[in-house]
Number of protein chains: 2
Amino acid sequence: MTQTTETRVSAEPTGPDAADREGDRIQRGADRDREPGPGARADGHDGYGTQEATAILARTRAAVDPELRRSVEALPGTLRRVALYHFGWEHADGTPAAGHAGKAVRPALVLAAARALGGQPDRAVRAATAVELTHNFTLLHDDVMDRDATRRHRPTAWTVFGDADAILAGDALQAQAQRLLAEDRHPAGPAAAARLAACVVELCAGQSTDVALERRDPAEVTLKETLAMAEAKTGALLGCACALGGLYAGAGEAEVAALDAFGRAAGLAFQLIDDVIGIWGDPARTGKPAGADLAVRKKSLPVVAALVAGGPAAAELTELYGPPGTGKESDTELAAMAQAVERAGGRDWAQTQAADQMSRAVHQLSQAVPVPAAADGLLALAEFVTRRGH
Amino acid sequence: MTQTTETRVSAEPTGPDAADREGDRIQRGADRDREPGPGARADGHDGYGTQEATAILARTRAAVDPELRRSVEALPGTLRRVALYHFGWEHADGTPAAGHAGKAVRPALVLAAARALGGQPDRAVRAATAVELTHNFTLLHDDVMDRDATRRHRPTAWTVFGDADAILAGDALQAQAQRLLAEDRHPAGPAAAARLAACVVELCAGQSTDVALERRDPAEVTLKETLAMAEAKTGALLGCACALGGLYAGAGEAEVAALDAFGRAAGLAFQLIDDVIGIWGDPARTGKPAGADLAVRKKSLPVVAALVAGGPAAAELTELYGPPGTGKESDTELAAMAQAVERAGGRDWAQTQAADQMSRAVHQLSQAVPVPAAADGLLALAEFVTRRGH
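Since the model is a prediction, treat every value here as computed from it, not as a measurement. (Residues numbered from 1 in each chain as written. Chains lettered and ligands numbered in written order. Predicted model: local features only at pLDDT ≥ 70, side-chain atom pairs only at ≥ 80, totals over all residues. Heavy atoms only, no water.)

Residue and element names in this part refer to chain A. This prediction gives chain A a mean pLDDT of 87; 86% of its residues lie at or above 70. The model gives residues 1-14 a pLDDT under 50, and that stretch makes 44 contacts with residues more than four places away or in other chains. Confidence drops under pLDDT 50 across residues 17-46; counting only partners more than four residues distant or on other chains, this segment forms 143 contacts. (pLDDT = per-residue confidence, 0-100. Contact = heavy atoms within 4.5 Å.)

Spelled out as structure tokens, the structure:
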């Protein structure tokens, strides 16, 4: 485990969809719900980049929401109701709701990448919408598989409409995403559709691995497969979003690959930070009890790093993590687990890794976008999702 | 209820995938498993059309299987294993299996439609494969929702690999289907992709309605919605397959629409016959106990037609169908239900409707393909799936 004192990543409640998520597990697509408290913007880490990211996200929602809503409202019958509910546009009884559909980090990456590569973001709105539809298809399905009961501060779709309609609404959203790209007259449409479909396969593989890892004995989980799982589940769609923006800007293969790598690294950095928050985050800010991930024995990245570290703290953690969570652990028991993770080096490792991934992201971005000023938007979004401070 | 003596549709065990299906419910995509007995080909209904259909199906499998297998084998890890198992290419333990992946009626319709419209079937192989991938994605998901335990004479994927991996493998197959079309250089690729995506939405809506209808009180189910459900669940993909063949042949909008209508009507005819077989089919041929659909109180088309017919037989059936099936009904009880359906006119209605739908299919086919000889293949396939005799 490498110790670091230089690069201290702040463990703050944010991420691609911090304002509208809630759940007990890493979501495919990095979609945990950690609510920033009222003071989240007054913590000293709120620089120009955050303001810029906030503005980009607001512009993105204004551009994408009409297309997104059109696509959802085109669904027939119950599928439409389930999807409108999932996006927060309707209550369970079908009456209109004021909730919004998420921060739109992924569509913002599509549009920002298109802009960074000299394209016209307004011509990439369908691609951005397709990415958001895909993200939400995976959320609907993941919630069914993980039996997560809450998302965006509301009961998940399957708890309201049943497993079948939640699965079917997810299937339909995947189809609508592909339909948008297939009907787009933009010359990048087919390449974007192929790339998004390949990404879906990777997201599914990541979720499959996650389900498998969570069922396995803690002593038999490796760091390599946990990192690969996090990249597939969280990094892949952020990378794909950036790549699609590049494709829609007519970028070359090398630039598109670098954009993808940028998004993946940023996504992995986010996941590492999110996992740190899941153990040491301030309950007042996360809206979740302290050590929530430990209570469910989640095999998050810092935990697995600690488990495989060797030494007495790792052995202690293996002991503590063996039996399934009862949900009735005392604060003292959860604190003992958190301390064991920390003493075994899991926290430092995660923070160092997150910093490394952000460096990697910045490097990849410089490969894709040689003019620093043009990369500002993408960089602001990457810093926003990982909230590294400035 | 219109009586008919002229057009007697034979209640024989066949259908798009008769040789490799087994289940208790209508499958989205008309995929019930009714095994033809050894004598199925020696029943007097086996004319030139059946031979032609059999030859077309064999040619289709030879053309499509390599592409299909490539697409499935490109999946990573567990998704690959689940899909290989589902297609019958591997046993649950990952060892190779000799089973085949289905009769390939849908891909055969794609290729036959392309040929009928003057196109080159070998250029439509990817489209045909995409349709088959889509069909199998819906089967994987439907089996999870319907808790069907058997398909193609083997335990369903979810019973072997769990719900999560069965859902994820289905998601991945939908993605692979779209990827094939997106990567196809054929000019019809985008239009075909859009049409297939729209069809998936319809298939999902059909399955959603089916799940809802099965839960509803028999007295509150209408014939109109049951027919609409059957068209969405069974007709839509057969129609889409034909339409894709037309698109790949460069056919005009009117021809493509007529091909779609042809496939839909043939699909609905098949479903009506399949429902008749589900009640009165010969157990020796279907491989299922007599009255299997009645035992689970399936709201199949003849049953709903009987329930809404009015009169004493309908009232008796409503009484019998009210309580949920115990699975322990005696043959006498099941025979009483079957007789009530028949006395209320459900059997005759279904057979008349099937004949009407086949007439409609033939008419639509003549609109799409004015030269009768060119339509031979499509007609043979339609007759094969409905097995009307010749």
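Having seen it, we continue.
The next thing to look at is helix α14 (residues 331-343) of chain A. Residues and elements named next belong to chain A. Counted at 1.5 Å a residue, the expected span for α14 with its 13 residues is 18 Å, and the 18 Å between its end C-alpha atoms agrees. Burial in α14 covers these residues: L334, M337, A338, A340 and V341. Buried residues of α14, seen end-on, are gathered within an arc of 160° and therefore sit on one face of the element. In α14, the exposed residues that point more than 90 degrees away from the buried face are D331, T332 and R343. In this fold, the buried residues of α14 make contact with α9 (253-280), α11 (292-295), α12 (301-307), α13 (312-321) and α15 (346-368). (Helix = DSSP H or I, 4+ residues; strand = E, 2+ residues; numbered from the N terminus. Expected span 1.5 Å × (residues − 1). Buried < 20%, exposed > 50% of the residue type's maximum accessible area, 1.4 Å probe, protein only. Arc of directions from axis to C-beta.)

Residues and elements named next belong to chain A. As enumerated under the stated definition, the model contains four aromatic pairs over all chains in all. When the centroid spacing of 5.6 Å and the interplanar angle of 70° are considered together, the rings of Y85 and F161 count as edge-to-face. Here Y85, found in helix α2 (residues 77-86), pairs with F161, found in helix α5 (residues 157-161); they are 76 residues apart in sequence, far enough to count as distant. Relative accessible area serves as the criterion here: at 4%, Y85 is assigned to the buried category. Judged by relative accessible area, which is 15%, F161 ranks as buried. (Phe/Tyr/Trp six-rings, centres within 6.5 Å; stacked < 30°, edge-to-face > 60°.)

What follows concerns the environment of L109(B). All names here are of chain B. Structurally, L109 is set in helix α3 (residues 105-116). Each C-alpha atom, one on L109 and one on L379, is 9.8 Å from the other, the two residues being 270 residues apart in sequence. If near-sequence neighbours (up to four positions away) are discounted, L109 is found in contact with L238, A241, C242, L378 and L381.

Below, the discussion takes up the relation of the copies chain B and chain A. By a simple turn and slide, chain B fits onto chain A: the slide is 0.0 Å along the axis, the RMSD is 0.0 Å, and the turn is 180°. Taken together, the rotation and translation describe the operation of a two-fold axis. The overlap is high: 100% of the interface residues of chain B also sit at the interface in chain A, so the same surface is used on both sides. (Least-squares fit on C-alpha atoms with pLDDT ≥ 70 in both.)

All names here are of chain A. Taking 1.5 Å per residue as the helical rise, helix α8 (residues 223-248) with its 26 residues ought to reach 38 Å, and the 36 Å between its terminal C-alpha atoms agrees with that figure. Of all bends in α8, the biggest is about 45°, found at G235. Of all the 26 residues making up α8, 22 are buried; the element is thus mostly covered by neighbouring parts of the structure. Directly beyond the C-terminal end of α8, a positive phi value near 75° is found at G250. (Bend = angle between axes of the 7 residues up to and from the residue.)

On to the side chain of R154(B), then. Relative to the assigned elements, R154(B) resides in strand β2 (residues 154-155). As a buried residue without a salt bridge, R154(B) has its nearest oppositely charged side chain in E90(B), at a separation of 8.2 Å. (Lys, Arg positive; Asp, Glu negative; His and termini not counted. Salt bridge = Lys/Arg side-chain N within 4 Å of Asp/Glu carboxyl O.)

A word on the interface of chain B and chain A. Taken together, the 34 residues of chain B in the interface contact 34 residues of chain A. A buried area of about 2,600 Å², summed over both sides, lies between chain B and chain A, and 75% of it is on carbon and sulfur atoms. Our count for the chain B to chain A interface comes out at zero salt bridges. Here chain B is connected to chain A by eight residue pairs in polar contact (both at pLDDT 80 or more). When contributions to the side of chain B that touches chain A are tallied by element, the ones reaching two or more residues are α2 (77-86), α4 (125-146), α6 (163-183) and α7 (189-215) of chain B. Of the residues contributing to the side of chain B that touches chain A, the split by class is 22 nonpolar, seven polar and five charged. (Buried area = accessible area lost by both parts, 1.4 Å probe. Polar contact = N/O pair within 3.5 Å; in protein donor to acceptor, adjacent residues only side chain to side chain. Nonpolar A, V, L, I, M, F, W, Y, C, P; charged D, E, K, R; others polar.)

Residues and elements named next belong to chain A. Summed over the entire model, instances satisfying the criterion amount to 30 salt bridges over all chains. With its nearest N and O atoms 2.8 Å apart, the salt bridge here joins R264 to D260. In this pair, R264 and D260 are both assigned in helix α9, four residues apart and thus about one turn of the helix distant. When its relative accessible area of 18% is taken as the criterion, R264 is described as buried.

This part is about the environment of E73(B). Residues and elements named next belong to chain B. Residue position: E73 is located in helix α1 (residues 48-73). Put simply, E73 and A83 are ten residues apart on the chain and 8.4 Å apart in space, counted from C-alpha to C-alpha. Not counting chain neighbours up to four residues away, the residues in contact with E73 comprise R80 and L84.

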